[in-house]
Amino acid sequence: MTKQIVLSEEANPPLPVYSQATISGKTIYVSGSIGITRDMQLVEGGVQAQTRAALDNMKKVLKAAGVGLESVLKANVYLTNLQRDFAPMNDVYLQYFSSNPPARTCIGVAALPLGADVEIECIAELP
């Protein structure tokens, strides 16, 4: 197996314990993104602002891998308050995946890094 590491200088920097994304064959595995700034501060505005920031960051990582959101096959969304945040998160999510959306799982979790409300990861495919 050959594994290629993806690093986007435009995206939020990863912690030393993971890569922004890895590529194996034609499959891109993008690490989870939370809604933070480049200096690791949560964006203000709740789950919608955090969802937008997380997806914008994910787009930057995908761009560094040579693809865009249209190449996403599967997304996993993690919410700390599923009941409160599912609908508002979806309102923003649909702005990024308005047609032919990828398969998706949305899971309620106890906590996320830095107290984030949402984290999003994905699997995409190279052309």
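First, a word on scope: everything that follows refers to the structure included in this document. Fair warning: this is a prediction, and the values are worked out from it, not measured in the lab. (Residues numbered from 1 in each chain as written. Predicted model: local features only at pLDDT ≥ 70, side-chain atom pairs only at ≥ 80, totals over all residues. Heavy atoms only, no water.)

Here's the deal with the sheet that holds strand β1 (residues 3-6)
So the rule is basically this: DSSP bridges decide pairing: two strands pair if at least two such bridges lie between them. The numbering of helices and of strands both runs from the N terminus, where a helix is a DSSP run of H or I of at least 4 residues and a strand a run of E of at least 2. Here an axis means a line fitted to C-alpha atoms, over the contact stretch when the element is a helix, while the angle between two N-to-C directions is reported on a 0 to 180 degree scale. A contact between two residues is defined here by any heavy atoms of the two lying within 4.5 Å.
The 6 strands are arranged β1-β2-β3-β6-β4-β5 in an open sheet whose pairing can be described as mixed. One side of each edge strand has no neighbouring strand; the edge strands of this open sheet are β1 and β5 (103-108). For this sheet, the mean angle separating the axes of adjacent strands, direction not counted, is 15°. Judged from the 4 bridges that link them, β1 and strand β2 (residues 21-24) form a sheet pairing that is antiparallel. Within β2, the position partnered with Q4 by the bridge is I23. Against the sheet, helix α1 (residues 46-65) engages β1, β2, β3 (27-34), β4 (72-79) and β6 (118-125), with an angle of about 25° to β6. Contacts from helix α2 (residues 82-96) reach β4, β5 and β6 within the one sheet, and its direction differs from that of β5 by about 150°.

Description of the packing of aromatic side chains
Note the threshold: Stacked, edge-to-face and tilted are the three classes for Phe, Tyr and Trp ring pairs, Trp counted by its six-membered ring, which pair at centre distances within 6.5 Å; planes under 30 degrees apart are stacked, over 60 edge-to-face, the rest tilted. Over a ring means this: the NZ of a Lys or the CZ of an Arg is within 6 Å of the ring centre and within 35 degrees of the ring normal.
Evaluation of the coordinates by the stated rule reveals 1 aromatic pair. Positioned above the aromatic ring of Y93, the side-chain terminus of R104 is 4.6 Å from the ring centre.

Overview of the packing of α1 against α2
Axes are the key here: two packed helices are described by the angle between their axes and the distance separating the axes. Our working definition: By the definition used in this description, the sense in which the near helix is turned from the far one sets the handedness, with an anticlockwise turn below a right angle giving left-handed and a clockwise turn giving right-handed.
At a closest axis distance of 9 Å, the pairing of α1 and α2 adopts a crossing angle of 35°. Along this stretch, α1 crosses α2, giving a crossing that reads as right-handed. Where α1 abuts α2, its residues V47, Q48, T51, R52, L55, D56 and K59 lie against D85, P88, M89, D91, V92, Y93, Q95 and Y96.

Focus: α2
Basically, it comes down to this: Expected span of a helix: the number of residues minus one, times 1.5 Å. The term bend refers to the angle at a residue between two fitted axes, each drawn through seven residues, those ending there and those starting there. The buried label applies to any residue whose accessible area, calculated with a 1.4 Å probe on protein chains only, is under 20% of its type's maximum; exposed applies above 50%, and partly exposed to all values in between.
If you check α2, its first and last C-alpha atoms are 20 Å apart, about what 15 residues at 1.5 Å a residue would give, namely 21 Å. Most pronounced at N90, the bend in α2 amounts to some 25°. Restricting attention to buried positions, one finds in α2 the residues D85, M89, N90, V92, Y93 and Y96. For α2, the elements touching its buried residues are α1, β4, β5 and β6.

Description of α1
Taking 1.5 Å per residue as the helical rise, α1 with its 20 residues ought to reach 28 Å, and the 29 Å between its terminal C-alpha atoms agrees with that figure. Looking one or two residues past α1, G66 carries a phi angle of roughly 100°, positive in sign.

Side note on the pattern of salt bridges
To keep it simple, the criterion reads: Just to be clear on terms, a salt bridge is a Lys or Arg side-chain nitrogen sitting within 4 Å of an Asp or Glu carboxyl oxygen.
This structure, assessed with the given rule, holds 3 salt bridges. One salt bridge connects E10 with K63, and the closest N-O pair in it is separated by 3.6 Å. In this pair, E10 sits in the loop between β1 and β2 while K63 sits in helix α1, placing the two residues 53 residues apart along the sequence. Residue class for K63 comes out exposed when judged on its relative accessible area of 54%. Among the salt bridges present, the one from D117 reaches R84, with a minimum N-O distance of 3.7 Å. You can see D117 sitting in the loop between β5 and β6 and its partner R84 sitting in helix α2, a full 33 residues away along the chain.

In short, the description is geometric, and any link to function would need to be established separately.
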